[in-house]
Amino acid sequence: MKHLLKLGGMTPEEILHILDVADEYKRLHKDGVDPKDLQGKAVALVFAKNSTRTRTSLEVGIYQMGGLGTYLSASDLQTARGEPVQDTARVLGRYYDAIVCRTYKQTTLDMLAKYSGIPVVSGMTDYAHPLQVLTDLMTVRERKGTLAGLKAGFVGDGYNMANSVIVGCLAVGMTVTIACPKGYRPAADVLMLAKQYGDKFTLTNDPDEAARDADVLFTDVWVSMGMEREAEQRRRDFTGFTLDAARMALAKPDCMVQHPLPAHRGEEIAPDVLEAHADEIFDEAENRIYVEKAVLAVLLAGK
Ligand code: CP
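Remember, it's a predicted structure, so these values are computed and weren't measured experimentally.

Student: Looking at this structure, I do not really get the pairing of strand β5 (residues 151-155). What am I missing?
Tutor: Remember that side chains alternate between the two faces of the sheet whenever the strand is regular. Buried residues dominate β5, accounting for 5 of its 5 residues. Side chains K151, G153 and V155 of β5 all project onto a buried face; the interleaved residues A152 and F154 project onto the opposite face, where all are buried too. Two elements, β5 and strand β6 (residues 175-179), share 5 bridges in a ladder whose sense is parallel. Following the sheet pairing, K151 is matched in β6 by T175. Chirality of the crossover, the property in question, places the unit of β5, helix α6 (residues 160-171) and β6 among those that are right-handed. Across 4 bridges, β5 lies against strand β8 (residues 216-219) in parallel orientation.

Encoded structure:
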């Protein structure tokens, strides 16, 4: 593994190895030990979109590992004044050991990877959110003891989270049902990949179908960053897609909920559902740090 740009192309073994390493970092941290596996390493944290969890968990995690994380808002970089991504990549590649980047287009990450000469990790794009879904898999396995054979449902926008849920969950042997309104389907290449899994994958417009008998239900915001102008239309189009108590009642009694946060109570998730599942949702937020440590350790420290 040279980069983590998306989950597509990763083997189940590579995914499960990251989860194993993340579990180990968590166990050690709870024992009061934080291995300095990034001693002397510097990671550029380039963000073109807002972030609470991704930015702070990376900054704290890299510090705990003995490395340096430099937060670089894309609006402060010379890219905001027209410097090409290729040149920025070549410069950062001479200073840093890795780049984590949150941006809009997946092709921007591809360019960073091509020109920087150092490992590049997606901190989320419009296409994928691999660190988040690796974290969700860690959190589900932590509570359920297994991943293979579980039924995952996703209710909401067929956007970056849905794309990564499909690829990640299918890779580790889960069954996946995605429910999104007409016009909000996941990416075409992700649906092509999912086809290879036969009846383990279902795409539907019926949110109850995704919820029925689910072991874990995923949802995400209806109006993602950069879509603010479409907000009213989206709220109309997603009416009926709230993860609420009636829908939860269709799932298995011990069904988990995973939400990457921030949550919009009363839109994609009902307030009572969020509170009833707060433990696992905030465990999910905590686990971001261990997964990020694991990914950086695999890329930079030969874990
Ligand atoms: N889940 C997630 O990526 O959170 P932030 O947008 O706060 O980083």
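Student: I would appreciate a short explanation of the domain arrangement of the protein in the present structure.
Tutor: Where interface size is quoted, it is often the accessible area lost as the parts come together. Along its sequence, the protein is organised into domain 1 (3-127 + 288-301) and domain 2 (130-285). Contacts between the two partners involve 31 residues from domain 1 and, on the opposite side, 29 residues from domain 2. Here domain 1 meets domain 2 over a buried area of about 2500 Å², counting both sides, of which 65% is carbon and sulfur. Note that D23 is salt-bridged to R141, the shortest N-O span being 2.9 Å. The tally of links from domain 1 across to domain 2 stands at 10 residue pairs in polar contact (both at pLDDT 80 or more). Within the residue set of the side of domain 1 that touches domain 2, elements represented by two or more residues are α1 (12-30), β4 (120-122) and α12 (278-300). Take the side of domain 1 that touches domain 2: its biggest share by element is 9 residues, from α1. Classifying every residue of the side of domain 1 that touches domain 2 by side-chain character gives 16 nonpolar, 5 polar and 10 charged.

Student: Any chance you could explain the packing of aromatic side chains here in plain terms?
Tutor: The geometry of an aromatic ring pair is captured by the separation of the ring centres together with the interplanar angle, meaning the angle of the planes. This model, assessed by the stated rule, comprises 4 aromatic pairs. An angle of 40° between the planes, with centres 5.5 Å apart, marks the rings of F47 and Y71 as tilted. With F47 in strand β1 (residues 42-47) and Y71 in strand β2 (residues 68-73), the pair connects residues that are 24 residues apart, well separated along the chain. For F47, a relative accessible area of 2% corresponds to the buried category. Summarising the aromatic geometry, the rings of F238 and F241 are spaced 6.3 Å apart at their centres and angled 80° between planes, so their arrangement reads as edge-to-face. The class of F238 is buried, set by a relative accessible area of 0%.

Student: Looking at this structure, I do not really get the environment of V33. What am I missing?
Tutor: With respect to the element layout, V33 can be found in the loop between α1 and β1. Sequence spacing of V33 and V291 is 258 residues, and the spatial spacing of their C-alpha atoms is 16 Å.

Student: I'm lost on the site of the ligand in this one. Help?
Tutor: Neighbouring residues of the ligand: S51, T52, R53, T54, R102, H129, Q132, P260, L261 and R288. Between H129 and the ligand, the recorded distance is 2.8 Å, taken from a side-chain N or O atom to an oxygen atom. Interatomic distance of 2.8 Å between a backbone N/O atom of P260 and a nitrogen atom of the ligand. Alone, the ligand offers 260 Å² of accessible surface; in the complex the protein occludes 95% of this. Here the ligand occupies the largest pocket. Here the shell around the ligand is composed, by residue class, of 2 nonpolar, 5 polar and 3 charged. Both of domain 1 (3-127 + 288-301) and domain 2 (130-285) provide at least three residues apiece to the shell around the ligand.

Here is what the cut-offs are and how they apply
Residues numbered from 1 in each chain as written. Predicted model: local features only at pLDDT ≥ 70, side-chain atom pairs only at ≥ 80, totals over all residues. Heavy atoms only, no water. Buried < 20%, exposed > 50% of the residue type's maximum accessible area, 1.4 Å probe, protein only. Helix = DSSP H or I, 4+ residues; strand = E, 2+ residues; numbered from the N terminus. Pairing = 2+ DSSP bridges. Right-handed = clockwise from strand over helix to strand, strands pointing away. Domains from an automatic or database assignment. Contact = heavy atoms within 4.5 Å. Buried area = accessible area lost by both parts, 1.4 Å probe. Salt bridge = Lys/Arg side-chain N within 4 Å of Asp/Glu carboxyl O. Polar contact = N/O pair within 3.5 Å; in protein donor to acceptor, adjacent residues only side chain to side chain. Nonpolar A, V, L, I, M, F, W, Y, C, P; charged D, E, K, R; others polar. Phe/Tyr/Trp six-rings, centres within 6.5 Å; stacked < 30°, edge-to-face > 60°. Near = heavy atom within 4 Å. Areas by Shrake-Rupley, 256 points an atom, 1.4 Å probe, with all protein chains shown as cover. 1 Å grid on protein atoms, 1.4 Å probe; cavity = no way out; pocket = protein on both sides within 12 Å on 5 of 7 lines; lining within 4 Å. Sits in = over half its atoms within 2 Å of the grid points.

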